[in-house]
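# Architecture and fold: a report
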Amino acid sequence: MRTPYLSARLQGFGTTVFAEMSALALATGAVNLGQGFPDEPGPDEVLDVARAAIGTGLDQYPPGPGLPVLREAIAAHQLRFRGLTYDPDAEVLVTAGATEALAGALLGLLDTGDEVVVFEPMYDSYAAGIAMAGAVARPVPLRPPAPGGGGVWEFDPVELRAAVTGRTRVVLLNTPHNPTGKVFSRAELQLVADLAVEHDLLVLTDEVYEHLVFSGSEHVSIATLPGMRERTLVVSSGGKTFHTTGWKIGWVCGPAALVAAVRTAKQFLTYVNGGPFQPAIAAGLGLPDAYFHRGAAVLERRRDLLLTGLAAAGLPAIAPQGTYFATVDVRGVQPDGDGWAFCRELPGRVGVVAVPTVVFYDPSHAHLGRHLVRFAFCKRDEVVADAARRLSRLA
């Protein structure tokens, strides 16, 4: 049904699933494993800088591209972890979270009718950003392995190639991937890179979970592959890495001309944001390697705790290689395979909230994700353990 007053471009984009499921968690007192935000504060080395900055001149508008201290820290971070060199003045832009970086890139780079190749299930802001730009999404499905079997999500290279047409302008990539937890391998990224070079495409890569990768997997930025830096915009943020999702400090790095296009759109969105938080995230990016390794190790332990509980509940998960999230096939406990119904009933049944994965698919491919549900494990050990105990009642 058409929503009154809503533009044609945004028809079908209603209230996000996260708002609905979080409200359900509050109403029922359930453990909320739906929305992906940590329930622990970030490191004092980051928080103390923000506390000291509040009440100073940093409360006012920062420079449009972001404070120099943060842009320099981002460039140093990219060199340190990825071996990529960026000019802090021309090739780094601070944004209101990764979401604005992505929206600014799509608005700044796309014309009406342009096409964007994107892997699905996809984070929900991607489809909305593409629509707001007047462009068209061309989704390529990631196929899940058998739950509990140790496999990984994969795409068909033939389907990827078929998604590229004469109108394709951008490939939108997300690795580590939300909602599946997939970490794209170097070989998979090379397939994308070869296609981008062959068809002269731009690549927009969302890497906000870059430091949350588990044993046996490695995060590789596609910008590091031969011939890709000059056609790639790399997006990331501090929210997931430093437990500061509410600060909304993100960034985009890339060739000066591409970053300028993003900046042109971004300046008419938030203009600037988060003055006192920018030097704090800069401090975080300079923390020792041990901080980043420890964060991934803690999250991996919580992943394993949740997966054990899910298996006991008759919901063997597809073990994620990174991120905050694990996916299950609910047909073992929900015979009709309706993930939406499962998620709406779960708080009343056992007191846990999850999110139906179907919301991350293009409507034409909804059948691929109807039976899948996403759980977040980025919570304290005792919260994850409590959720695991509650879920075991399903068995």
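Throughout, a residue's number is its position along its own chain's written sequence, starting from 1. Residues qualify for local features only when their pLDDT is at least 70, as the model is predicted, and side-chain atom pairs are given and counted only at 80 or more; totals for whole chains, interfaces and linings, by contrast, use all residues. Water and hydrogen atoms were dropped before computing side-chain values, which therefore reflect all heavy atoms in the structure.

An unreviewed UniProt entry annotates the chain as Pyridoxal phosphate-dependent aminotransferase originating from Goekera deserti. UniProt positions are given in the numbering used here, feature names are shortened, and annotations may be inferred rather than shown by experiment. In UniProt, the chain has this text filed under Cofactor (unreviewed entry): "pyridoxal 5'-phosphate". UniProt annotates the chain under Sequence similarities (unreviewed entry) with the comment "Belongs to the class-I pyridoxal-phosphate-dependent aminotransferase family."

What follows concerns helix α13 (residues 381–391). Burial here depends on accessible area, computed with a 1.4 Å probe over protein chains only, as a share of the maximum for the residue type. Under 20% is buried, over 50% is exposed, and the range in between is partly exposed. A run of H or I in DSSP becomes a helix once it reaches four residues, and a run of E becomes a strand once it reaches two; helices and strands are each numbered from the N terminus. Inspection of α13 places V383, V384, A385, A387, A388, R390 and L391 among the buried residues, and these make up the whole buried set. Residue contacts are counted whenever heavy atoms from the two residues lie within 4.5 Å of one another. On its buried side, α13 packs onto β1 (31–32), α10 (289–312), α11 (339–350), β11 (352–353) and β13 (372–376).

What follows covers unusual backbone geometry. Cis rather than trans, the peptide bond between E120 and P121 has omega equal to 5°. Counting through the fold element by element, P121 comes out in the loop between β3 (115–120) and α5 (124–132). Here the bond from N178 into P179 is cis, since omega is 20°, no more than 30 degrees from zero. Positive phi is not limited to glycine here, since Y5 has a value of about 75°. Inspection of the secondary structure puts Y5 in the segment before α1 (17–28). Look at Y5 and you get exposed, because its relative accessible area is 89%. Phi at Y271 takes a positive value of approximately 70°, unusual for a residue other than glycine. Among the structural elements, Y271 can be located in the loop between α8 (256–266) and α9 (278–285). Using a relative accessible area of 41% as the deciding quantity, one classes Y271 as partly exposed.

Right, let's get into the packing of helix α2 (residues 44–53) against α9. For any two helices packed against each other, the geometry is given by the interaxial angle and the distance between the axes. Every axis in this analysis is a line fitted to C-alpha atoms, fitted for helices over the stretch in contact. Angles between the N-to-C directions lie between 0 and 180 degrees. Packing of α2 against α9 leaves a shortest axis separation of 8 Å and a crossing angle of 160°. The pairing of α2 with α9 is recorded here as roughly antiparallel in orientation. Crossing geometry of α2 relative to α9 is assigned as right-handed. Contacts from E45, V46, V49 and A50 in α2 reach P279, A280, A283 and G284 in α9. Three categories are distinguished: nonpolar for Ala, Val, Leu, Ile, Met, Phe, Trp, Tyr, Cys and Pro, charged for Asp, Glu, Lys and Arg, and polar for the others, with Gly belonging to the last. For the contact of α2 with α9, the class distribution of residues is 6 nonpolar, 1 polar and 1 charged. When describing relative orientation, an angle under 35 degrees is termed roughly parallel and one over 145 degrees roughly antiparallel, while 65 to 115 degrees is termed roughly perpendicular and anything else oblique. Crossing handedness is read from the near helix: turned anticlockwise from the far helix by less than a right angle, it gives a left-handed crossing, and turned clockwise, a right-handed one.

Centres within 6.5 Å make a pair out of two Phe, Tyr or Trp rings, where for Trp the six-membered ring is used; the pair is then stacked when the planes are under 30 degrees apart, edge-to-face when over 60, and tilted otherwise. The final tally for this structure, using the stated rule, is 15 aromatic pairs. Ring geometry for Y209 and Y324: centres 5.4 Å apart, planes at 75°, overall edge-to-face. Placement of Y209 in the loop between β6 (202–206) and β7 (232–237) and of Y324 in the loop between β9 (317–318) and β10 (325–329) is noted, with a sequence separation of 115 residues between them. Grouping residues by exposure puts Y209 and Y324 together as buried. Aromatic side chains Y291 and F292 sit 5.5 Å apart centroid to centroid with 80° between the ring planes, which places their arrangement in the edge-to-face category. Residue classification places Y291 among the buried positions, given a relative accessible area of 15%. Clustering of aromatic rings is evident, with ring pairs tying together F81, F242, Y291 and F292. Consider the ring centre and the ring normal. A charge sits over the ring if Lys NZ or Arg CZ is within 6 Å of that centre and within 35 degrees of that normal. In this arrangement the basic side chain of R344 is found over the ring face of W340, its NZ or CZ atom lying 4.0 Å from the centre. The ring of F37 has K379 lying over it, and the distance from NZ or CZ to the ring centre is 3.6 Å.

This part takes up the environment of A326. Positionally, A326 belongs in strand β10. Distance in space between the C-alpha atoms of A326 and N178 is 9.6 Å, their sequence separation being 148 residues. Not counting residues up to four positions away in its chain, the partners in contact with A326 are L307, A317, P320, V373, R374, F375 and F377.

Turning our eyes to something else, we now look at the sheet that holds strand β8 (residues 249–253). With mixed pairing, the 7 strands of this open sheet are ordered in space as β2-β8-β7-β6-β5-β3-β4. The outermost strands of the open sheet, each flanked by one partner alone, are β2 (92–96) and β4 (136–141). For this sheet the average axis-to-axis angle between neighbouring strands, irrespective of direction, equals 25°. Two strands pair when backbone bridges link them, and β2 and β8 are joined in this way by 5 bridges, in the antiparallel orientation. By the bridge assignment for β8, L93 is matched with V252. The sheet contacts of helix α3 (residues 68–82) involve β2, β7 and β8, and relative to β2 the element is tilted by about 110°. Helix-sheet contacts for α8 involve β2, β6, β7 and β8, and the interaxial angle to β2 is about 30°. If DSSP finds at least two bridges between two strands, the strands pair.

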